[in-house]
Amino acid sequence: MDNKTKEKANFTIANAFDGIEIVHADYKGQEFSKHVHEGYTIGVIEKGAQRFYRSGEIHTADTNSIILVNADDVHTGESATPEGWQYRAMYPLPEHFENVCLDLYEGKKCAPYFSSSVINDALLTEQLRLLFNQVDNNASKLLTETILYSLMLRLTLRHSSLRHVPKDISGSKEKLIRVKEYLDFYPAEDISLKQLAVIAGLSQYHFIRQFKKMFDLAPHGYQIQARLKKAKTLLKAGVKPAMVATDCGFHDQSHFNRHFKKALGTTPSKFQKQAILYKN
């Protein structure tokens, strides 16, 4: 079996808390470029081992270990063994954890931050596998949400800290966040480097350097991630992939497919088919 026939990623939407993305993947040659997710990545390695970048360091997750990536954490992914790796993961949004924290911390609205990228927690691994098994078997919403809530509760209590706040760099944090928000609101705009530097109130040279230091991605790299976030929303709404490519600012569908595959491990059309199954 060659690398190409080995690659597989099946997405589904769990019938819980208005829908949570879940993936079951089997990779060998897949190499994820630097990317972000709007939700947390919480996954268990079922076979093999994965190597990935997160929070400025390279980490390795072995079989039965759990991967933790915070929402909007820049990360990568590749095999750490010649045989590849298999994993199952879920992507709860910050607001899902905020609801748990409201109960835990007397109405305080906050989302947890996971400083550890790889953890070994046998009970949590068991809970994750139970959740995925129930989703596979179309369990009731009540059962799925009960397992998921218990899982997020354990994660928050045992493995989280206060949400990480990017360091201020030369007093420009607010300006850089303003640029990031602009790219989030207008991902398809063909904006120039000079225009973004003006928004930040910095020279182009300092803007590029400081943006990358704060967000771990160059401005053009972050723009791609913002476009992919919008693309996922449109695909779930049933918009044709070719139209999504245009609406999100990609040069063409080939350009769109390439970036989507590098970030999510599957094609836009496959992702859409599997996501739409949830609605039906």
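The paragraphs below set out a description of the structure included in this document. As a convention, each chain's residues are numbered from 1 in the sequence order in which they are written. Only residues with pLDDT of at least 70 are given local features in this predicted model, and only at 80 or more are side-chain atom pairs given and counted; all residues enter the totals for whole chains, interfaces and linings. The side-chain values count all of the structure's non-hydrogen atoms but skip hydrogen atoms and water molecules.

What follows deals with the environment of Asn-99. We count a stretch as a helix when DSSP gives it H or I for four or more residues in a row; a strand needs E for two or more, and each element gets its number in order from the N terminus. Tracing the chain through its elements places Asn-99 in helix H2 (residues 94-104). When its relative accessible area of 48% is taken as the criterion, Asn-99 is described as partly exposed. Asn-99 sits 81 residues away from Asp-18 along the chain, and the two C-alpha atoms are 13 Å apart. The buried label goes to any residue with under 20% of its type's maximum accessible area, the exposed label to any with over 50%, and the partly exposed label to all in between, with areas taken from a 1.4 Å probe on protein chains only.

For two strands to be treated as a pair, DSSP must find at least two bridges joining them. Here six strands make up an open sheet; going across it, the order is S1-S2-S9-S4-S7-S10 and the pairing antiparallel. Each edge of the open sheet is held by one strand with a lone partner, namely strand S1 (8-14) and strand S10 (118-119). Relative to strand S7 (residues 66-69), strand S4 (residues 41-48) runs antiparallel, the two sharing four bridges. Looking across to S7, one finds that Thr-41 is bridged to Val-69.

Our focus in this paragraph is the pattern of salt bridges. The term salt bridge refers to a side-chain nitrogen of Lys or Arg lying within 4 Å of a carboxyl oxygen of Asp or Glu. Inspection of the entire model under this criterion finds 12 salt bridges. Measuring nitrogen to oxygen at the nearest pair gives 3.3 Å for the salt bridge that ties Arg-54 to Asp-73. Note that Arg-54 is positioned in strand S5 (residues 50-54) and Asp-73 in the loop between S7 and strand S8 (75-79), a separation of 19 residues in sequence. Across this residue pair, the class does not change: Arg-54 and Asp-73 are buried. Put simply, Asp-184 and Lys-180 hold a salt bridge, and the shortest N to O gap is 3.7 Å.

Along the chain, Pro-241 turns up in helix H9 (residues 241-247). Distance from Pro-241 to Gln-272, taken between C-alpha atoms, is 8.4 Å for residues 31 residues apart in sequence. We call two residues contacting when some pair of their heavy atoms lies within 4.5 Å. Discounting chain neighbours no more than four positions away, the residues touching Pro-241 are Leu-235, Gln-253, Phe-256, Pro-268, Ser-269 and Gln-272.

Next up on the list: empty space enclosed by the protein. Think of a 1 Å grid over just the protein atoms. A cavity is a set of points where a 1.4 Å probe fits yet cannot get out, a pocket is an open set with protein on both sides within 12 Å along at least five of seven lines, and lining residues have an atom within 4 Å of a point. Grid points are joined across faces, edges and corners, and a volume is the space filled by probe spheres set on the points. What the rule picks out here adds up to two cavities of 30 Å³ or more. Looking at the largest cavity, its volume works out to about 170 Å³. Looking at the largest cavity, it is lined by 16 residues, and the ones nearest its centre are Thr-41, Gln-50, His-75, Tyr-87 and Tyr-91. Of all the secondary structure elements, the ones that give two or more residues to the lining of the largest cavity are strand S3 (32-35), S5, S7, S8, strand S9 (85-91) and helix H10 (253-264). Sort the elements by how many residues they give to the lining of the largest cavity and S8 lands first, with three residues. In the lining of the largest cavity, the residues fall into nine nonpolar, seven polar and no charged. The space that makes up the second largest cavity amounts to roughly 60 Å³. If you trace the second largest cavity, you find it lined by His-35, Val-36, His-37, Glu-38, Gln-225, Leu-228, Lys-229, Lys-232, Ala-263 and Leu-264. Mapped by element, the contributors of at least two residues to the lining of the second largest cavity are helix H8 (219-236) and H10. Here the element with the most residues in the lining of the second largest cavity is H8; it accounts for four residues. Residue type decides the class: Asp, Glu, Lys and Arg count as charged, Ala, Val, Leu, Ile, Met, Phe, Trp, Tyr, Cys and Pro as nonpolar, and the leftover types, Gly among them, as polar.

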